Amino acid sequence: MKREELRRRILARYKTLGDWSKETGVTQSSVSQIVMGKSNLPHDGVVMYCDKLGIKRGEIGDLFYPEVKE
């Protein structure tokens, strides 16, 4: 699942999802829901994640919208 890659990206830069939660101001519960694929980010959230995690434009679909097929 591509959301597992998002989790890896977060943990590569931050020790825990809790640390990432504090950095972004999003509750830890919401972060967990996002990385498990049970919730999606609004556009401004995707932009923030990309900026803070160094995610390139070409990776956005795979990491944030894996259910959308090519």
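Now for a look at the structure at hand. (Residues numbered from 1 in each chain as written. Predicted model: local features only at pLDDT ≥ 70, side-chain atom pairs only at ≥ 80, totals over all residues. Heavy atoms only, no water.)

Along an α-helix, a turn takes 3.6 residues, which lines up residues three or four apart on a common side. Restricting attention to buried positions, one finds in helix 2 (residues 17–24) the residues Leu17, Gly18, Trp20, Ser21 and Thr24. Seen end-on, helix 2 carries its buried residues on one side only, within an arc spanning 160 degrees. Where helix 2 is buried, its residues touch helix 1 (2–13), helix 3 (28–35) and helix 4 (43–53). Among the residues of helix 2, the N-terminal cap falls to Thr16, whose side-chain oxygen and the backbone nitrogen of Gly18 are separated by 3.2 Å. Of the residues one or two after helix 2, Gly25 is the one with positive phi, at around 75 degrees. (Buried < 20%, exposed > 50% of the residue type's maximum accessible area, 1.4 Å probe, protein only. Helix = DSSP H or I, 4+ residues; strand = E, 2+ residues; numbered from the N terminus. Arc of directions from axis to C-beta. Contact = heavy atoms within 4.5 Å. Polar contact = N/O pair within 3.5 Å; in protein donor to acceptor, adjacent residues only side chain to side chain.)

This brings us to the packing of helix 2 against helix 3. In contact at an axis separation of 9 Å, helix 2 and helix 3 are set at 115 degrees when each is read in the N-to-C sense. In terms of axis orientation, helix 2 runs roughly perpendicular to helix 3. Note on packing geometry: the crossing formed by helix 2 with helix 3 is right-handed. Mapping the contact onto sequence places Leu17, Gly18, Trp20 and Ser21 in helix 2 and Gln28, Val31, Ser32 and Val35 in helix 3. Across the contact of helix 2 with helix 3, the residue classes tally to 4 nonpolar, 4 polar and no charged. (Axes fitted to C-alpha atoms, helices over the stretch in contact; angles between N-to-C directions. Parallel < 35°, antiparallel > 145°, perpendicular 65-115°, else oblique. Left-handed = near helix turned anticlockwise from the far one by under 90°. Nonpolar A, V, L, I, M, F, W, Y, C, P; charged D, E, K, R; others polar.)

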